[in-house]
Amino acid sequence: MPGNNKINGPSVPAMTLLRHSGRSLSDQIREEFAQAIGEGRMSPGSRVPSCRDLAAQLGVARGTVRAAYDMLVDSQLLVAKGAAGTWVSDIPQPQARNDGQEATAIAPLAAIVHAFDRPPLTFQMGVPADDAFPAKVWSRILTRHAREMVSKPIGYSDPRGSRALRQQLVSYLSMARGMRCQESQVIITNGYAGALGLICLALGLRGQRVWTEDPGYLLARRALEMAGVEAVAIPVDEQGLCVEEGMRLAADAAAVLVTPGQQAPLGMTLSLERRAALLAWAERRAGWIIEDDYLGELQLQGRAAPALAALDGGRVLHIGTFSKNLSPSLRLGYLVVPAAQAAHFGEAAALLAPASSFVLHNAVAEFLHEGHFMRHLRRMKRLYSERLLAMLAALHPFFPQASRAALAVIIVLPAGTQDTRIAQKALAYGMAPTPLSVWYQDEKRCRCGLVLSVTNMPSGGFVKSAQRLKALVDEWG
Ligand SMILES: Cc1ncc(COP(=O)(O)O)c(C=O)c1O
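The model shown is predicted, which means the values in this text are computed figures rather than measured ones. (Residues numbered from 1 in each chain as written. Predicted model: local features only at pLDDT ≥ 70, side-chain atom pairs only at ≥ 80, totals over all residues. Heavy atoms only, no water.)

A. Seen up close, the sheet that holds strand S3 (residues 47-48). The antiparallel open sheet is built from three strands, whose spatial order is S3-S5-S4. In the strand order of this sheet, the two ends are held by S3 and strand S4 (78-80), each with one partner. The sheet contact formed by S3 and strand S5 (residues 86-88) spans two bridges and is antiparallel. Looking at S5, one finds that Val48 is bridged to Thr86. Contacts from helix H3 (residues 62-74) reach S3, S4 and S5 within the one sheet, and its direction differs from that of S4 by about 105°. (Pairing = 2+ DSSP bridges. Helix = DSSP H or I, 4+ residues; strand = E, 2+ residues; numbered from the N terminus. Contact = heavy atoms within 4.5 Å. Axes fitted to C-alpha atoms, helices over the stretch in contact; angles between N-to-C directions.)

B. Focus on the state of the cysteines. Per the stated rule, a full pass over the model turns up zero disulfides. Among the cysteines around Cys446, which has no disulfide bond, Cys448 carries the closest sulfur, lying 5.3 Å off. (Disulfide = S-S within 2.5 Å.)

C. Spatial organisation of helix H11 (residues 358-369). Look at H11: 16 Å from first C-alpha to last across 12 residues, which is about the 16 Å you get at 1.5 Å a residue. Counting buried positions over the 12 residues of H11 gives 11, a clear majority of the element. Every buried residue of H11 is listed here: Phe358, Val359, Leu360, His361, Asn362, Ala363, Val364, Ala365, Glu366, Phe367 and Leu368. Buried residues belonging to H11 abut helix H4 (135-150), helix H5 (163-177), strand S6 (186-189) and helix H12 (372-395). Residue Ser357 occupies the N-cap position of H11, its side-chain oxygen lying 3.1 Å from the main-chain nitrogen of Val359. Immediately downstream of H11, the backbone of Gly371 shows phi near 85°, a positive value. (Expected span 1.5 Å × (residues − 1). Buried < 20%, exposed > 50% of the residue type's maximum accessible area, 1.4 Å probe, protein only. Polar contact = N/O pair within 3.5 Å; in protein donor to acceptor, adjacent residues only side chain to side chain.)

D. Summary view of the pattern of salt bridges. What the rule picks out here adds up to 21 salt bridges. Here Arg177 and Asp293 are joined by a salt bridge, their closest N and O atoms 2.7 Å apart. With Arg177 in helix H5 and Asp293 in the loop between strand S11 (288-292) and strand S12 (316-321), the pair connects residues that are 116 residues apart, well separated along the chain. What makes Arg177 buried here is its relative accessible area of 2%. Note that Asp474 and Lys470 form a salt bridge whose closest N and O atoms lie 3.3 Å from each other. With a gap of four residues between them, Asp474 and Lys470 both fall in helix H14 (residues 463-476), about one helical turn apart. Overall, the relative accessible area of 26% leaves Lys470 in the partly exposed class. Several salt bridges share partner residues, and in doing so they unite Arg23, Asp27, Arg30, Glu31, Lys425 and Glu475 into one network. (Salt bridge = Lys/Arg side-chain N within 4 Å of Asp/Glu carboxyl O.)

E. Layout of H5. With 15 residues, H5 extends 20 Å from end C-alpha to end C-alpha; this agrees with the ideal 21 Å at 1.5 Å per step. Buried residues of H5: Leu165, Arg166, Gln168, Leu169, Val170, Tyr172, Leu173, Ala176 and Arg177, and no others. In this structure, the buried side of H5 is in contact with S6, S12, strand S13 (333-336), H11 and H12. Remark: Gly178 follows H5 within two positions and exhibits a positive phi of approximately 65°.

F. The domain arrangement of the protein, seen in detail. For the protein, the assigned domains read domain 1 (4-88), domain 2 (135-370) and domain 3 (374-476). Every contact between the two is made by 29 residues of domain 2 and, on the other side, 22 residues of domain 3. Three residues, Pro265, Leu298 and Leu300, lead the burial of domain 2 against domain 3; their summed loss comes to 28% of the area buried on that side. Counting the contacts that link domain 2 with domain 3 gives two salt bridges. Residue Lys381 is joined to Glu297 by a salt bridge in which the shortest nitrogen-to-oxygen separation is 3.8 Å. In this assembly, domain 2 and domain 3 are joined by 12 residue pairs in polar contact (both at pLDDT 80 or more). Those elements that provide at least two residues to the side of domain 2 that touches domain 3 are H5, strand S7 (209-214), helix H7 (218-226) and strand S8 (230-237). Taken together, the residues of the side of domain 2 that touches domain 3 break down into 17 nonpolar, seven polar and five charged. (Domains from an automatic or database assignment. Buried area = accessible area lost by both parts, 1.4 Å probe. Nonpolar A, V, L, I, M, F, W, Y, C, P; charged D, E, K, R; others polar.)

G. Geometry of the site of the ligand. Every residue near the ligand is listed here: Gly191, Tyr192, Ala193, Tyr217, Ala264, Asp292, Tyr294, Thr321, Ser323, Lys324 and Arg331. At 3.1 Å from an oxygen atom of the ligand is found a main-chain nitrogen or oxygen belonging to Ala193. By residue number, the principal contributor to the shell around the ligand is helix H6 (residues 191-202), which donates three residues. Of the residues assigned to the shell around the ligand, the class counts are five nonpolar, three polar and three charged. (Near = heavy atom within 4 Å.)

H. Molecular detail of a nonpolar patch on the surface. Together, Leu109, Ile112 and Phe116 give the surface a local cluster of nonpolar side chains, amounting to about 230 Å² of exposed area. Residue placement: Phe116 occurs in the loop between S5 and H4. The class of Phe116 is partly exposed, set by a relative accessible area of 40%. (Patch = residues over 30% accessible without salt bridge, like charges linked within 9 Å, V, L, I, M, F, W, Y side chains within 5 Å. Areas by Shrake-Rupley, 256 points an atom, 1.4 Å probe, with all protein chains shown as cover.)

I. The arrangement of the environment of His344 in detail. Secondary-structure assignment places His344 in helix H10 (residues 342-352). On the basis of relative accessibility, which here comes to 40%, the residue His344 falls in the partly exposed class. When the C-alpha positions of His344 and Trp211 are compared, they lie 24 Å apart, and in sequence the two are 133 residues distant.

J. Representation of the nonpolar core in the model. Formed by 93 residues in total, the largest nonpolar core has its most connected members in Trp211, Leu278 and Leu395. Here the element with the most residues in this core is H12; it accounts for nine residues. Here this core gathers at least three residues from each of two domains, domain 2 (135-370) and domain 3 (374-476). Residues contacting Leu278, with those up to four places away along its chain left out, are Trp211, Leu241, Val243, Val256, Val258, Leu270, Ile289 and Leu308. Core analysis: the next-biggest nonpolar cluster, separate from the first, contains 28 residues, Val210, Ala255, Val337 and Ala349 among them. (Core = buried A, V, L, I, M, F, W, Y, C linked by side-chain atoms within 4.5 Å.)

K. Region of interest: the sheet that holds S8. Spatially, S6-S13-S12-S11-S10-S7-S8-S9 is the arrangement adopted by the eight strands of the open sheet, whose pairing is mixed. Of all the strands in the sheet, just S6 and strand S9 (240-241) have a single pairing partner and so form its edges. Two strands pair when backbone bridges link them, and S11 and S12 are joined in this way by four bridges, in the parallel orientation. Across the sheet, the residue bridging to Ile290 is Leu317, located in S12. Contacting S6, strand S10 (255-258), S11, S12 and S13, H6 crosses the sheet at an angle of about 155° to S12.

Right under this line is the structure:
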């Protein structure tokens, strides 16, 4: 085709550049590479041609190739090693199967979670600041506990988790979340997801109905479905979960799953009135309130409201996680159950979901005990507040409707906008916005938009990312 350039080679994806398509050549090169790497056609750890060689092969300017490579480096698909050249990132990419079956995604949740084991991308939800982790002090503490563990006698540990950590959590939760509990009520879990799984099993929720917030956390809804629980979508308004609607839509529900501290994703706190209504419902119905306190006291404006479990008379199962305030790679969370349920849940944990290695528990316990955790939280709040302001300032010229929501900014876009497509396209630019529509369960309520986490800021600030996001919304929305 006149005006087109076709090339193919061992370390270059087959590429057809369209010179008059309205899309820049560097963008086309970037997209071809991103696709080839994503599909496993370029192997991890392989070298790509120099800018000069590829530019000569393609008949384009060297700067065009460099711009494409820079974007691919930003999105962690390529690694620039200076004089040693540019390489495909050696983090394994999903490989196509060669056994004749259709290629399937190897990683779990591939349609929702864009990649595991990678540094966070700009706007990516659910990951704390990568550049603020207290690595030095943490590594000192962790090493000491790993050594100590080796010298301990071999044997089974308490399936509810280390006593040291459960004790620390009792004092921390009393101070930070207004909860009064005993160490026997605390079970250490593999994050929030681990706690939710344990609850489903211990309460025998299979076959029952559970209210879930709409919009709400997609992975929790999927987890309930996987556990054979029917998630009933209950709307959320400016006061949080609409308890009356819950009673109207599913009066027979066995439980409710709620984020009272800062609603996920909209960020409002469940009002006092709604808290009282929810607790009264649970009491009357002998139902369970599963409190997802995923952000805990990590609130940027004002003082965080106490946990719902602080007001409880025995119906709240409180889940906390270290995924948001330390690191999701610790895979560490906790469940606090009412006193009357402690023995049952202890047994369920022992039989179905025993706690992980105590090395980690004891290290986190010391991190809390020595005051490092509170100091770290204070620093994170300050840092996130600064990043939030910087992000709003960068976004507002392009998206005047951008508004804050917990540790994120939400941009609501007109109905019918293809927010999932925009989010998908953004990955190639090192950005991972979450489409707003995926948080909704009921199509009638569904809104389109983008949810952008403030926690990680690209090295050059948010302005370039805001510009790119606007271009993507204009092109693909
Ligand atoms: C609403 C909500 N709850 C809980 C979690 C934490 O889950 P985990 O502890 O399994 O990492 C997240 C993480 O993104 C979340 O968004």
